[in-house]
Amino acid sequence: MPSSTPMTLPGVDLQPGKPPILRADSTGDAASWAAEHREALRAVVAEHGAVLVRGLGLGDGAEAAAVFRKVADDGLMAEKEAFASRQTYSYGVYSSSKWPPNQPMCMHHELSYTLEFPGLMLFACLIAPTVGGATALADAPTVLNRLPTELVERFLREGWLLTRTYNDDIGASYAEAFGTDDRGAVESYCRAAAIEFEWQADGGLRTRQRRSAVVRHPVTGLPCWFNQIAFLNEWTLDPEIREYLVDVYGADRLPFNTRYGDGAPISEETVRLLNDVYESTTVREPWQSGDLMLVDNVRTAHSREPYEGPREVLVAMTDPVRPADCSPTVEVTVA
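A quick note: this is a predicted structure, and the numbers were derived from the prediction, not measured. The residue count restarts for each chain, going from 1 along the sequence in the order it is written. pLDDT decides what is reported in this predicted model: residues at 70 or higher carry local features, side-chain atom pairs at 80 or more are listed and counted, and totals for whole chains, interfaces and linings draw on all residues regardless. Only hydrogens and water are set aside; all other atoms, that is, all heavy atoms of the structure, feed into the side-chain values.

**Q** I keep staring at the overall build of the chain and nothing clicks. Help me out?
**A** Across its full length, the chain holds nine helices and 19 strands. Whereas a compact globule of 335 residues would reach a radius of gyration of roughly 20 Å, the chain reaches 20 Å, a difference of no more than 12%. Burial here depends on accessible area, computed with a 1.4 Å probe over protein chains only, as a share of the maximum for the residue type. Under 20% is buried, over 50% is exposed, and the range in between is partly exposed. Burial analysis of the chain (335 residues in total) assigns 54% to the buried set. In the chain, 80% of the contacts between residues at least 6 apart in sequence involve partners at least 24 apart. Accessible surface, the chain: about 14700 Å² in total, of which carbon and sulfur atoms supply 49%. Distance between charge centroids for the chain: 2 Å, based on 30 positive and 47 negative side chains. Numbering of helices and strands runs from the N terminus, with a helix taken as a DSSP run of H or I at least four residues long and a strand as a DSSP run of E at least two residues long. Radius of gyration means the value over C-alpha atoms here, while the globule rule gives 2.2 Å times the residue count to the 0.38 power. The contact criterion used throughout is that any non-hydrogen atoms of two residues lie within 4.5 Å. The Shrake-Rupley method, run with a 1.4 Å probe sphere, supplies the accessible areas, and residue values consider only the shown protein chains as cover. For the purpose of charge, His is not counted, nor are the chain termini; Lys and Arg are scored as positive and Asp and Glu as negative. Charged groups are reduced to one reference atom each: NZ for lysine, CZ for arginine, CG for aspartic acid, CD for glutamic acid.

**Q** What should I look at first to understand the nonpolar core in this one?
**A** As a rule of thumb, nonpolar side chains are buried together in soluble globular proteins. The biggest cluster of nonpolar side chains holds 57 residues, and the ones touching the most others in it are Phe83, Phe123, Phe155, Trp225, Ile229, Tyr278 and Trp287. Residue contacts for phenylalanine 155: discarding those within four places in its chain leaves Trp160, Ala213, Trp225, Ile229, Tyr260, Ile266 and Thr329. Side-chain atoms within 4.5 Å are what join buried Ala, Val, Leu, Ile, Met, Phe, Trp, Tyr and Cys residues into a set we call a nonpolar core. By size, the runner-up hydrophobic cluster in this structure holds 29 residues, among which are Val44, Ala65, Leu122 and Leu294.

**Q** Explain the layout of surface pockets to me, please; I cannot follow it from the model alone.
**A** With a probe scaled to a water molecule rolled over the atoms, the places where space remains empty come into view. For the largest pocket, the calculated volume is near 360 Å³. Every element with two or more residues in the lining of the largest pocket is listed here: strand 5 (105-108) and helix 8 (239-249). Among the residues forming the lining of the largest pocket, the class breakdown is 12 nonpolar, four polar and two charged. Here the second largest pocket defines a volume of roughly 290 Å³. Here a cavity denotes a set of grid points, spaced 1 Å apart and computed over the protein atoms alone, in which a 1.4 Å probe fits but from which it cannot get out, and a pocket denotes an open set meeting protein on both sides within 12 Å along at least five of seven lines; residues with an atom within 4 Å of a point are reported as lining. Forming the walls of the second largest pocket are 14 residues, and the residues nearest its centre are Gly119, His217, Val219, Asp296 and Asp319. For the lining of the second largest pocket, the elements supplying multiple residues, two or more each, are helix 2 (38-48), strand 6 (117-127) and strand 19 (312-321). Grid points are joined across faces, edges and corners, and a volume is the space filled by probe spheres set on the points. Throughout this entry, Asp, Glu, Lys and Arg are counted as charged residues, while Ala, Val, Leu, Ile, Met, Phe, Trp, Tyr, Cys and Pro are counted as nonpolar. The remaining residues, Gly among them, count as polar.

**Q** I would appreciate a short explanation of the pairing of strand 16 (residues 292-296) in the present structure.
**A** Along any regular strand, the residues point their side chains to alternate faces of the sheet. Counting buried residues in strand 16 gives five out of five residues, a clear majority hidden from the surface. By the convention used here, strands pair only if DSSP detects at least 2 bridges between them. In the sheet, strand 6 pairs with strand 16 via five bridges, with the strands oriented antiparallel. Counterpart to leucine 122 in the pairing with strand 16 is leucine 294.

**Q** Looking at this structure, I do not really get the sheet that holds strand 15 (residues 282-283). What am I missing?
**A** Pairing between sheet strands relies on hydrogen bonds along the backbone, with the strands arranged either parallel or antiparallel. The strand order across the open sheet formed by four strands is 5-17-8-15, and the pairing between neighbours is antiparallel. Bordering the open sheet on either side are strand 5 and strand 15, each of which pairs with just one other strand. Both strand 5 and strand 17 (residues 300-304) contribute to a ladder of two bridges, which runs antiparallel. Paired with histidine 108 across the bridge in strand 17 is histidine 302.

**Q** Got a minute to help me understand the sheet that holds strand 9 (residues 160-166) in this structure?
**A** If you walk across this open sheet you meet the four strands as 10-11-9-14, and the pairing is antiparallel. One side of each edge strand has no neighbouring strand; the edge strands of this open sheet are strand 10 (196-199) and strand 14 (256-260). Pairwise comparison of adjacent strand axes, ignoring direction, gives a mean angle of 15° for this sheet. Relative to strand 14, strand 9 is paired through five bridges, and the arrangement is antiparallel. Bridging from a neighbouring strand, tryptophan 160 pairs with tyrosine 260 of strand 14. Lines fitted to the C-alpha atoms define the axes, with helices restricted to the stretch that makes contact. Angles between their N-to-C directions range from 0 to 180 degrees. In this fold helix 5 (residues 149-158) packs onto strand 9, strand 11 (205-211) and strand 14, with an angle of close to 100° to the strand it touches most, strand 14. Against the sheet, helix 7 (residues 183-192) contacts strand 10 and strand 11, and its axis sits at roughly 155° relative to strand 10.

**Q** Help me understand the packing of aromatic side chains, please; the structure alone is not making it clear to me.
**A** What describes a pair of aromatic rings is the distance from one ring centre to the other and the angle between the planes of the rings. To pair, rings of Phe, Tyr and Trp, with the six-membered ring standing in for Trp, must have centres within 6.5 Å; the planes then decide the type, stacked if under 30 degrees apart, edge-to-face if over 60, and tilted in the middle. Applying the stated rule across the entire model yields 11 aromatic pairs. For the pair phenylalanine 155 and tryptophan 225, a centre-to-centre distance of 5.5 Å together with 80° between the ring planes defines the contact as edge-to-face. In this pair, phenylalanine 155 is assigned in helix 5 and tryptophan 225 in strand 13 (residues 223-225), connecting sequence segments 70 residues apart. Judged on exposure class, the residue phenylalanine 155 and its partner tryptophan 225 are both buried. Between phenylalanine 178 and tyrosine 189, the ring centres sit 5.3 Å apart and the planes meet at 65°, which makes this aromatic pair edge-to-face. With phenylalanine 178 in helix 6 (residues 174-178) and tyrosine 189 in helix 7, this residue pair connects regions lying 11 residues apart in the sequence. The class of phenylalanine 178 is buried, set by a relative accessible area of 6%.

**Q** Help me out: how do you make sense of the pattern of salt bridges in this one?
**A** Side-chain pairs of opposite charge can arise whenever the charged atoms involved come near each other. Throughout this description, the term salt bridge denotes a Lys or Arg side-chain nitrogen within 4 Å of a carboxyl oxygen of Asp or Glu. Taken as a whole, this structure holds 19 salt bridges when the rule is applied. Note that arginine 54 and aspartate 291 form a salt bridge whose closest N and O atoms lie 2.6 Å from each other. Of this pair, arginine 54 sits in strand 2 (residues 50-54) while aspartate 291 sits in the loop between strand 15 and strand 16, placing them 237 residues apart in sequence. What makes arginine 54 buried here is its relative accessible area of 5%. Salt-bridge contacts for arginine 284 lead to glutamate 305; the nearest nitrogen and oxygen are separated by 2.7 Å. Taken together, the residues arginine 284 in the loop between strand 15 and strand 16 and glutamate 305 in the loop between strand 17 and strand 18 (307-308) connect sequence positions 21 residues apart. In this structure glutamate 305 comes out as buried when scored by relative accessible area, which is 18%. Ionic contacts of the salt-bridge type, sharing partners, join the residues Arg38, Glu39, Arg42, Asp73 and Asp319 into one network.

Written out as structure tokens, the structure reads:
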């Protein structure tokens, strides 16, 4: 159990271009250290949006899971509507999404297209890559302030639209995303989650869901650019990969894509602008084996940079938040 009196932590190292870094004074059990310092760690995240904890020496999945559970307030969340497959280590503890090592995963907020998303992301690096592979961060209120007013106003009015065409070749299958291959159960989930769905002649599934692109932080009330518009858009893909997917599936049946909330396509220029603004606000620190990182999922976007060599980073989610807690600008109608 955490101490009734929150433990204090040594000073957080704040350097330009890097996330806040904390050197842990742990010489014993990492889970016990996390339990003792849970409230102090969360206070650092509340102040800075994230913290990288170095010195815990996390060495395996069981140890990382024990630390995650000590930090979590309400237990760990099971992932739903995943866009890519993951390995499950234990309940609520996953591998990073399977994504080609030479391709970046650009800035995004985890599960921002769902009706219950994590308020806090937990990462543990068991094996650091030899080159690259940082989980970089960007401050969502700053991103919002740097975007053109006209663009923000359009997304405020219309929100954003995520379209998905599930198949067994690219990304997560619908059985992996929804946790079942029972069509009735999938349909029930979609109705409850305000997701339009359509079964295809080949047995595949197509879905559409409209969400707010800007929300207010559930605690501070700060407006945040909160979505996966750039990350899941066709123009963020490597050009050769995009060309291949369009050739195989067709421009309107890509495994995933994003649009304006009214269904209009988002231009390559706009997606490039979004990614450029993210890059202008990005902070990064190379992983070291044993690191722990806590990230406020609403205030802070995260990415995964290309890498070389083995890389094992575990992920967990906690502090569930619903859009209604964040002053959404787009109404969601649940069947």
